[in-house]
Amino acid sequence: MKILAINPGSTSTKVSLYSDGKIQAVENYQHRPEDLAHLGPVIQQKDLRKQCVEKFLEENALTLADLDAISARGGTLPAVNAGAYRISEQMVDYLTHKTRNPHASSLAAIIAYELKAEHEQKDVPIMIYDSVAVDQFEPVARLSGLKGADRVSGSHALNTRAVAMKVCQDLGTRYEASNLIVCHMGGGISTSAHQKGRMIDNISDDEGPMGMDRTGELPLLALFKVIEGYSYEEMVRLNKQEGGIKSYTGHTDMRQVQAEADHGNAYYQLVIDAFVYQIAKAIGSLATVLKGKVDRIILTGGVAHSQKITEAISDRVAFIAPVIVEAGEHEMIALSKGAERVLLGQEDMQEFTG
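Residues numbered from 1 in each chain as written. Predicted model: local features only at pLDDT ≥ 70, side-chain atom pairs only at ≥ 80, totals over all residues. Heavy atoms only, no water.

S.K.: What am I meant to see in the pairing of strand 3 (residues 22–30) here?
M.R.: Remark: a regular strand shows side chains that alternate across the two faces of the sheet. Across eight bridges, strand 2 (residues 12–19) lies against strand 3 in antiparallel orientation. If you follow Thr-13 over to strand 3, its bridge partner there is Tyr-29. The turn joining strand 2 and strand 3, which pair antiparallel and follow one another in sequence, is formed by two residues; a positive phi near 55° is taken by Asp-20. (Pairing = 2+ DSSP bridges. Helix = DSSP H or I, 4+ residues; strand = E, 2+ residues; numbered from the N terminus.)

S.K.: Hey, could you run me through the side chain of Asn-7 in this one?
M.R.: Turning to its location among the elements, Asn-7 is positioned in strand 1 (residues 2–8). A distance of 2.6 Å separates the side chain of Asn-7 from the side chain of Glu-331, its partner in a polar contact. (Polar contact = N/O pair within 3.5 Å; in protein donor to acceptor, adjacent residues only side chain to side chain.)

S.K.: I keep staring at the sheet that holds strand 9 (residues 198–203) and nothing clicks. Help me out?
M.R.: Sheet strands pair via backbone hydrogen bonds, and the direction of the pair is either parallel or antiparallel. If you trace the five strands from one edge of the open sheet to the other, you get 9-8-7-10-11, paired in mixed fashion. Each end of this open sheet is capped by a strand with a single partner; those strands are strand 9 and strand 11 (323–327). Pairs of neighbouring strands in the sheet enclose a mean axial angle of 20°, with direction left out of account. In terms of strand pairing, strand 10 (residues 296–301) meets strand 11 through five bridges, oriented parallel. The residue of strand 11 that forms the bridge with Leu-299 is Val-325. (Axes fitted to C-alpha atoms, helices over the stretch in contact; angles between N-to-C directions.)

S.K.: Is there a simple way to explain the nonpolar core in this structure?
M.R.: Generally speaking, soluble globular proteins have nonpolar side chains that are buried together. Leu-4, Ile-6, Leu-77, Ile-87 and Met-91 are the most contacted members of the largest nonpolar core, which totals 36 residues. Within the residue set of this core, elements represented by two or more residues are strand 1, strand 2, strand 3, helix 2 (46–59), strand 4 (69–73), helix 3 (89–97), helix 4 (106–118) and strand 6 (126–129). Take this core: its biggest share by element is seven residues, from helix 4. For Ile-6, the contacting residues outside a window of four places in its chain are Lys-14, Val-53, Ile-70, Ser-71, Ala-72, Arg-73, Ala-108, Ile-111, Ala-112, Leu-115, Met-332 and Leu-335. Ranked by size, the runner-up nonpolar core spans 35 residues in total, among them Tyr-268, Val-271, Leu-290 and Val-303. (Core = buried A, V, L, I, M, F, W, Y, C linked by side-chain atoms within 4.5 Å. Buried < 20%, exposed > 50% of the residue type's maximum accessible area, 1.4 Å probe, protein only. Contact = heavy atoms within 4.5 Å.)

S.K.: Explain the domain arrangement of the protein to me, please; I cannot follow it from the model alone.
M.R.: One frequent convention defines the size of an interface as the accessible area lost when the parts assemble. Its domain assignment divides the protein into domain 1 (2–133 + 331–344) and domain 2 (139–321). The C-alpha-based centres of domain 1 and domain 2 are spaced at 25 Å. Contacts between the two partners involve 14 residues from domain 1, matched on the other side by 14 residues from domain 2. Of the roughly 1200 Å² buried between domain 1 and domain 2 on both sides combined, carbon and sulfur atoms contribute 51%. Interface area lost by domain 1 to domain 2 is led by Arg-100, Asp-130 and Glu-331, which between them contribute 37%. Our enumeration of links across domain 1 and domain 2 arrives at one salt bridge. Among the ionic pairs, Arg-161 bridges to Asp-130, the shortest N-O distance being 2.8 Å. Our count for the contact surface shared by domain 1 and domain 2 stands at two residue pairs in polar contact (both at pLDDT 80 or more). Ranked by residue count, the leading element in the side of domain 1 that touches domain 2 is helix 12 (residues 331–343), at three residues. (Domains from an automatic or database assignment. Buried area = accessible area lost by both parts, 1.4 Å probe. Salt bridge = Lys/Arg side-chain N within 4 Å of Asp/Glu carboxyl O.)

S.K.: Help me out: how do you make sense of the pattern of salt bridges in this one?
M.R.: One side chain can pair with another of opposite charge once the charged atoms of both are near each other. Evaluated as defined, the whole model comprises 24 salt bridges. A salt bridge links Arg-214 to Asp-213, with the shortest nitrogen-to-oxygen separation between them at 3.6 Å. Judged by its relative accessible area of 12%, Asp-213 is buried. Note that Glu-242 and Arg-237 form a salt bridge whose closest N and O atoms lie 3.6 Å from each other. Taking relative accessible area as the criterion, Glu-242 reaches 29% and is therefore assigned partly exposed. You can call Arg-237 partly exposed: its relative accessible area is 36%.

S.K.: Looking at this model, I keep getting lost on the packing of helix 2 against helix 4. Mind explaining?
M.R.: Between two packed helices, the angle of one axis relative to the other and the distance separating the axes together describe the packing. Helix 4 packs onto helix 2 with a crossing angle of 60° between their chain directions and a minimal axis gap of 10 Å. When the axis of helix 2 is compared with that of helix 4, the two are oblique. For the pair helix 2 and helix 4, the crossing hand works out as right-handed. On the side of helix 2, the interface is formed by Lys-46, Arg-49, Lys-50, Val-53 and Glu-54, while helix 4 contributes Leu-107, Ile-110, Ile-111, Glu-114, Leu-115 and Glu-118. Residue composition of the contact of helix 2 with helix 4, by class: five nonpolar, no polar and six charged. (Parallel < 35°, antiparallel > 145°, perpendicular 65-115°, else oblique. Left-handed = near helix turned anticlockwise from the far one by under 90°. Nonpolar A, V, L, I, M, F, W, Y, C, P; charged D, E, K, R; others polar.)

S.K.: What is the right way to read the sheet that holds strand 6 from this model?
M.R.: Sheet architecture is open: seven strands sit in the order 3-2-1-4-6-5-12, paired in mixed fashion. The two strands at the open ends of the sheet, each matched to only one other strand, are strand 3 and strand 12 (349–350). Judged from the four bridges that link them, strand 4 and strand 6 form a sheet pairing that is parallel. Within strand 6, the position partnered with Ala-72 by the bridge is Ile-128.

Listed below in structure tokens is the structure:
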């Protein structure tokens with residue numbers, strides 16, 4: 001069983017081949033932020049990202065006829081269930097023209113759809129798995145404080161659910177029997193509360209800690225002064241591409257920021273301390289969602305490779321529950337195994353209705 005996984009991120013495009021129960025080949029194609037910015041809106045990056053997938057297929061001597069399925073990262077759709085959804089023309093139209101938050105993850109389904117359309121010799125199943133729009137919120141979590149501006153679920157659901165399940169398996173317990181707080185620390189930060197197998201609340205990258213290039217939550221009265229004269233599109237760019245650590249240091253790589261701090265740059269250390277402080281606050285707030293009954297706190301994502309940062313966060317939150325670090329991301333294996341379960345009939349492939 002061969003499964004191609006496609007996972008565009010903010011500055012990379014990951015592609016992998018899964019076979020015989022494991023990832024057989026994987027490539028992480030990096031994109032310079034200035035090159036992506038030159039292309040304009042995210043949807044204009046589609047051809048660049050698609051070329052990466054085609055290059056991967058060529059380098060691994062693969063055609064679509066060799067594949068049993070394509071599993072793509074799910075983009076910013078309306079609220080959807082966890083699990084697999086068939087990639088349809090309706091889904092592609094929504095991601096191309098209607099999505100509320102243009103993000104590179106939305107390109108994966110579009111690329112998979114085009115690849116299948118261009119290679120009609122085999123009816124290979126194409127699907128997304130655990131979209132960033134997975135929504136299992138309880139009703140009380142939706143109210144924001146302003147009618148008409150309800151909270152919507154948006155998180156790194158693919159990685160956080162996969163990591164949560166892995167940790168439970170390692171501990172010899174079931175995800176469906178556990179209460180967990182998972183913090184994904186990458187370009188953006190999302191922190192989620194998992195109660196007995198459901199992600200009942202999360203703090204997305206626009207309402208919580210700052211990320212590497214994303215602002216996170218901002219004080220509204222101060223923001224009102226800043227936004228005068230900006231268009232909505234310009235403010236989205238500031239929020240998603242020019243905020244966070246980048247706005248304070250000019251860097252989008254925490255390793256560079258940490259190196260400067262280690263060489264005595266007190267301001268850079270203050271920025272790191274604020275980053276840690278905000279993440280700890282988010283974890284603490286979600287502990288109240290679970291009424292203090294938290295089995296484990298899990299730190300994941302690329303920034304979790306920094307032992308200094310994970311130890312600093314643990315120092316603030318370990319009183320809530322034991323902290324486990326699962327550095328990096330498990331998205332490629334999660335995409336592949338999700339598709340495998342569908343092919344084996346262990347999960348249904350759901351239909352997107354818009």
